[in-house]
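Residue strings, one per chain:
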Amino acid sequence: MTTMLSKFAENKGIWSTLLKPILITLMIMGFAQWAGAQCTSNNSQNSSQSANNTGNVVSWELRPGRYTTVNNLIVGRQYTVTSSLSTNFFTIRTGSANSGGTVIATGTQPLTFTATATTAYIISSTNSSCGTSGTDRTVGIRIVPVITGLPATACIGNTFIIEGSGFNGTTGITINGVSAPTFTINSATQITVTVPAGASTGNVVVQHPAGNVTGSAPVTISNQPANASISGATTICQGDDADISVSTSETGVSYQLRNNSNNALVGSPVNGTGSAISINTGILNSTTTFNVLATNTTTGCTRQLSGTVTITVNTAAVANAGGPTDVCFTSTPAAITLSGASVGGSATTGAWSIISGGGTLSSTAQSSNPSTRTYTPANGFTGTVELRLTTNDPAGVCPAATATRIIQVNPIPDLFMLGGTTTICSGTGASIQLTGSETGVTYQLRNNANNNAVGAPVNGTGSALTLPTGNLTATTTFNILATKGSCSRQMTGTTQITVSAVPNATVSNATQSICSGQSFTTITLNTNPTINNTTFAWTRDNV
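Criteria and cut-off values
Residues numbered from 1 in each chain as written. Predicted model: local features only at pLDDT ≥ 70, side-chain atom pairs only at ≥ 80, totals over all residues. Heavy atoms only, no water. Pairing = 2+ DSSP bridges. Helix = DSSP H or I, 4+ residues; strand = E, 2+ residues; numbered from the N terminus. Axes fitted to C-alpha atoms, helices over the stretch in contact; angles between N-to-C directions. Core = buried A, V, L, I, M, F, W, Y, C linked by side-chain atoms within 4.5 Å. Buried < 20%, exposed > 50% of the residue type's maximum accessible area, 1.4 Å probe, protein only. Contact = heavy atoms within 4.5 Å. Phe/Tyr/Trp six-rings, centres within 6.5 Å; stacked < 30°, edge-to-face > 60°. Polar contact = N/O pair within 3.5 Å; in protein donor to acceptor, adjacent residues only side chain to side chain. Patch = residues over 30% accessible without salt bridge, like charges linked within 9 Å, V, L, I, M, F, W, Y side chains within 5 Å. Areas by Shrake-Rupley, 256 points an atom, 1.4 Å probe, with all protein chains shown as cover. Salt bridge = Lys/Arg side-chain N within 4 Å of Asp/Glu carboxyl O.

1. Some words on the sheet that holds strand β38 (residues 402-410)
Strands sit in the order β31-β38-β37-β34 across an open sheet of 4 strands; the sheet is mixed. Two strands bound the open sheet, and with one partner strand each, they are β31 (325-328) and β34 (350-356). Sheet twist, expressed as the mean angle between neighbouring strand axes with direction ignored, is 25°. As judged from the 6 bridges shared by β34 and strand β37 (residues 383-391), these two strands associate in the antiparallel manner. Directly across from Ile-354, in β37, lies its bridge partner Leu-387.

2. Description of the sheet that holds strand β4 (residues 78-83)
Strands sit in the order β2-β9-β4-β7 across an open sheet of 4 strands; the sheet is antiparallel. If you trace the sheet from one side to the other, it starts and ends with β2 (58-62) and β7 (111-114), each paired once. Each strand axis lies, on average, 25° off the axis of its neighbour in the sheet, ignoring direction. Bridging between β2 and strand β9 (residues 137-143) involves 5 bridges; their strand directions are antiparallel. Bridging across to β9, Val-58 finds its partner in Ile-141.

3. Thoughts on the pairing of strand β46 (residues 487-490)
Alignment of strand β45 (residues 476-484) against β46, held across 4 bridges, turns out to be antiparallel. Within β46, the residue paired with Leu-481 across the bridge is Gln-490. The hairpin formed by β45 and β46 contains 2 residues between the paired strands, and Gly-485 there has a positive phi angle of roughly 65°.

4. A closer look at the nonpolar core
By size, the foremost hydrophobic cluster in this structure holds 20 residues, and its most contacted members are Ile-244, Val-246, Tyr-255, Val-292, Leu-305 and Ile-311. For this core, the secondary structure elements donating two or more residues are β22 (243-246), β23 (253-259), β26 (277-280), β27 (288-296) and β29 (309-314). Sequence-distant contacts of Val-292, that is, excluding residues within four places in its chain, are made with Ile-230, Ile-244, Val-246, Tyr-255, Gln-256, Leu-257, Ile-279, Arg-303, Gln-304 and Leu-305.

5. Here's the deal with the packing of aromatic side chains
By the definition in use, this model includes 2 aromatic pairs. Summarising the aromatic geometry, the rings of Tyr-79 and Phe-113 are spaced 5.9 Å apart at their centres and angled 25° between planes, so their arrangement reads as stacked. Of the two residues, Tyr-79 is situated in strand β4 and Phe-113 in strand β7; the sequence distance between them amounts to 34 residues. Here Phe-113 falls in the buried class, since its relative accessible area comes to 3%.

6. Some remarks on the side chain of Asn-88
Along the chain, the position of Asn-88 falls in the loop between β4 and β5 (89-94). Only 3.1 Å separates the side chain of Asn-88 from the side chain of Ser-124, close enough to count as a polar contact. With near-sequence residues (within four places) excluded, Asn-88 lies in contact with Ser-83, Gly-107, Thr-108, Gln-109, Ser-124, Ser-125, Thr-126 and Arg-137.

7. Quick word on the environment of Ala-294
Looking at where Ala-294 falls in the secondary structure, it is placed in strand β27. By relative accessible area, Ala-294 is classed as buried at 0%. Distance in space between the C-alpha atoms of Ala-294 and Phe-478 is 84 Å, their sequence separation being 184 residues. Filtering out sequence-adjacent residues up to four positions away, Ala-294 remains in contact with Pro-225, Val-253, Ser-254, Tyr-255, Cys-301, Thr-302, Arg-303 and Leu-305.

8. Description of the side chain of Thr-469
The topology assignment puts Thr-469 in strand β44 (residues 465-472). Overall, Thr-469 belongs to the buried group, its relative accessible area being 7%. Leave out the neighbours within four places in its chain, and Thr-469 touches Gly-429, Ala-430, Ile-432, Leu-445, Val-454 and Phe-478.

9. Looking at a nonpolar patch on the surface
Taken together, the side chains of Val-507, Ile-523 and Trp-538 define a hydrophobic patch exposed on the protein surface, amounting to about 300 Å² of accessible area. For Trp-538, the location among the structural elements is in the segment after β49 (524-527).

10. Brief notes about the pattern of salt bridges
What the rule picks out here adds up to 2 salt bridges. Residue Arg-63 is joined to Asp-136 by a salt bridge in which the shortest nitrogen-to-oxygen separation is 2.9 Å. Residue Arg-63 is found in the loop between β2 and β3 (67-71), and its partner Asp-136 is found in the loop between β8 (120-125) and β9; the two are separated by 73 residues along the sequence. The salt bridge involving Lys-484 is made with Glu-438; its shortest N-O contact spans 3.9 Å. With Lys-484 in strand β45 and Glu-438 in the loop between β40 (428-434) and β41 (442-447), this residue pair connects regions lying 46 residues apart in the sequence. Looking at Lys-484, the relative accessible area reads 25%, which means it is partly exposed. Take Glu-438: its relative accessible area is 14%, and that puts it in the buried class.

Quick look at the structure:
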């Protein structure tokens, strides 16, 4: 049009003066259209907004010709401005909303710009001619996401993490052009993606309303281990183990048994062989469901194999025989109550039997309370008795349980005689004679009045023994207790040690001086106390 007007002016000189201003105006407008319009506001701020920088949109109403101040921008990051009016034209300035500000972007929505300051002014126009007519329209701003972290490799069917920022509002993920429909926006900075079937090595793209963003490097996609089925025994007894079978395995793949309730590892992984393999559960005490995780040892790719296996664990029968029991030999053995015995688990009764040692049981029938049964040793028997408690056979796969009780019938020491009586002076000691002794037996001298121990025990030698009484001040009767293992026996007889007081005499007029031919005063002997059957003899010094 400007060319036509120029030629018209040249050919119609009379009109040149009138048409020149119009021509200049039209040329300026044409240049503005070619260079991109840079609109200013009418100095009326519509509102002030703050970018949230998470990827979520911040929206507000903005009328043409007015501007909005947007704060909290991240310098160097891209933002996209949108409008409910498809032809809405935006001018983004910094420093000022008017001609004094620096224009950093212009264009029809959606308009993406790079923030050069933390604050920008968004000027709304009806169109690229900076029109100001019209009513409010909804304007929004979002930060464009960035990807800062991707794994080097990922596996089909497995998940991987995309690190970055501005991810809120993400609408899709593609891997080398293949859509990954299963993803979770964990936060504005992290997305978890499941690699779909059909994906291959290539770039990861995060699709977002503010603009799609592509990872800086391709992700290598590897296949999962081949699928296989698992099977195993269905019922075992408590305390047993079982094998889980994998129908087929691959070399270069390890197979890990897991508790299906929490995927806790069970035992160590088993390497594939190219054929079927078995994985042991270890000892089980309760019903457990298992799965198997296959892992490619080179790529790290995993797959949980098809199905699960539930091993039902039946409660085991439990037998507790009690004991052990030590008793001492007697010529007339007494019945021993088998206290402490019990049955439990899946068992309800138990019965006793004699394995060795002889003797008799009060009953060999099954009883719900086997602790009430008794055992009587054989007459004259010493040694070890072995009894067995056997439960009833419970329903299911668990067998009857057994337990062993040991009864030790210990011999008692042989009898030996104590020596005869004797008399000693007060404050002195004596020795008690025992006519014989046994090795392996200890002999304890005791005060017969209260059986208090006197001195330390003396070990038997196989010969006669002498046990010292220690110093005595009163007549005392003694016995001797012999102990062999847990069995003790008082030796035959007692010995009395009679203690006599020591005589104490004084002499009066013991020292006199007389002349030759004179008589001396009577010398008197006094005793205190008087001790019967005590005699005194006079002697004369130097004679």
